[in-house]
Amino acid sequence: MSFRSVIASVLLLGLPIGLLAGCDKQVSSNEQAAAPAAQPAPSASTEESKIDRSHTGEVAPALTFEGPDGKPTTIAAFKGKPLLVNLWATWCGPCVKEMPTLDAAAANILVVPISQDKDRATVAAFFAKQRFTRLQPFLDKELGFSIAYNASLPMSILFDSGGKEVWRSTGGMDWTGPAARAALAEAR
């Protein structure tokens with residue numbers, strides 16, 4: 001049975017993709033509501049976030065996902081400037097925790113947070129509640145990125161201005177911390 005078949009079977013059964021994607025720290029809507037909107041997450045240890053450079057130089061997959069306006073877009077549409085793609089979901093605790101620091105990091109680099117949630121209303125409500133100043137809600141309802149990257153959420157992929165991968169990281173990270181700032185500075 002192929003990986004896509006397994007994903008399709010799980011989705012048909014209604015199991016959370018987090019069981020496959022690796023995010024084992026789900027949060028309830030009450031916990032999301034209680035989370036501070038603009039508090040930076042504490043610094044992540046190396047156990048929480050790992051940078052993988054084994055895919056350096058690879059071109060982003062030509063997958064379509066929804067932009068903030070609901071229209072289809074691709075990673076190639078952002079070519080010409082460094083880009084940090086963040087794969088996340090509203091039900092993933094580490095994802096929710098790092099979002100305020102991604103919003104802060106977006107002052108220095110283009111950040112495209114691509115939600116792996118199933119519907120735009122859930123993501124829109126999350127963004128409205130958090131009141132991010134720089135992030136915009138992108139959506140991958142078909143989970144194309146989770147499948148293509150065999151993602152364990154949260155996962156972030158840094159692309160250079162030519163659209164080639166610099167590195168990817170898994171696990172939550174404080175994107176305003178010195179380690180993250182140094183890693184983000186690698187994009188040209």
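Now for a quick tour of the structure. (Residues numbered from 1 in each chain as written. Predicted model: local features only at pLDDT ≥ 70, side-chain atom pairs only at ≥ 80, totals over all residues. Heavy atoms only, no water.)

### Let's talk about the pattern of salt bridges
Thought 1: One pass over the structure, following the stated rule, counts five salt bridges.
Thought 2: Its salt-bridge partner being Arg53, residue Glu186 comes within 2.5 Å of it at the nearest N-O pair. Here Arg53 lies in the loop between β1 (50-52) and β2 (65-66) and Glu186 lies in the segment after α7 (178-184), a separation of 133 residues in the sequence.
Thought 3: A residue is classified by how much of its surface remains accessible, and Glu186, at 32% relative accessible area, is partly exposed.
Thought 4: If you follow the salt bridges from partner to partner, you end up with Glu58, Glu165 and Arg168 in one network. (Salt bridge = Lys/Arg side-chain N within 4 Å of Asp/Glu carboxyl O. Helix = DSSP H or I, 4+ residues; strand = E, 2+ residues; numbered from the N terminus. Buried < 20%, exposed > 50% of the residue type's maximum accessible area, 1.4 Å probe, protein only.)

### A look at the nonpolar core
Thought 1: Formed by 45 residues in total, the largest nonpolar core has its most connected members in Ile75, Leu87, Ile114 and Trp175.
Thought 2: Broken down by secondary-structure element, the contributors of at least two residues to this core are β4 (83-88), α4 (93-105), β5 (110-115), α5 (120-130), β6 (138-139), β7 (155-159), β8 (165-170) and α7.
Thought 3: Beyond its immediate sequence surroundings of up to four residues, Ile75 is in contact with Ala60, Phe65, Leu83, Val85, Ile114, Phe145 and Phe159. (Core = buried A, V, L, I, M, F, W, Y, C linked by side-chain atoms within 4.5 Å. Contact = heavy atoms within 4.5 Å.)

### As for unusual backbone geometry
Thought 1: The omega angle of the peptide bond from Leu153 to Pro154 is -10°, so this bond is cis rather than trans.
Thought 2: Relative to the helices and strands, Pro154 is located in the loop between α6 (144-148) and β7.
Thought 3: With a phi close to 55°, Arg131 is a non-glycine residue in the positive phi region.
Thought 4: As for its position among the elements, Arg131 is in the loop between α5 and β6.
Thought 5: The exposure class of Arg131 is exposed, given its relative accessible area of 68%.
Thought 6: One non-glycine residue with positive phi stands out, namely Asn150, at about 45°.

### What about α5?
Thought 1: Those residues of α5 that fall on the buried side of the exposure criterion are Val123, Phe126, Phe127 and Gln130. Around the axis of α5, the buried residues are gathered within 95° of arc, so they sit on the same side. Away from its buried face by more than 90 degrees, α5 exposes Ala121 and Ala128.
Thought 2: Among the residues of α5, the N-terminal cap falls to Asp119, whose side-chain oxygen and the backbone nitrogen of Ala121 are separated by 3.4 Å.
Thought 3: Positive phi appears at Arg131, one or two residues downstream of α5, with a value of about 55°. (Arc of directions from axis to C-beta. Polar contact = N/O pair within 3.5 Å; in protein donor to acceptor, adjacent residues only side chain to side chain.)

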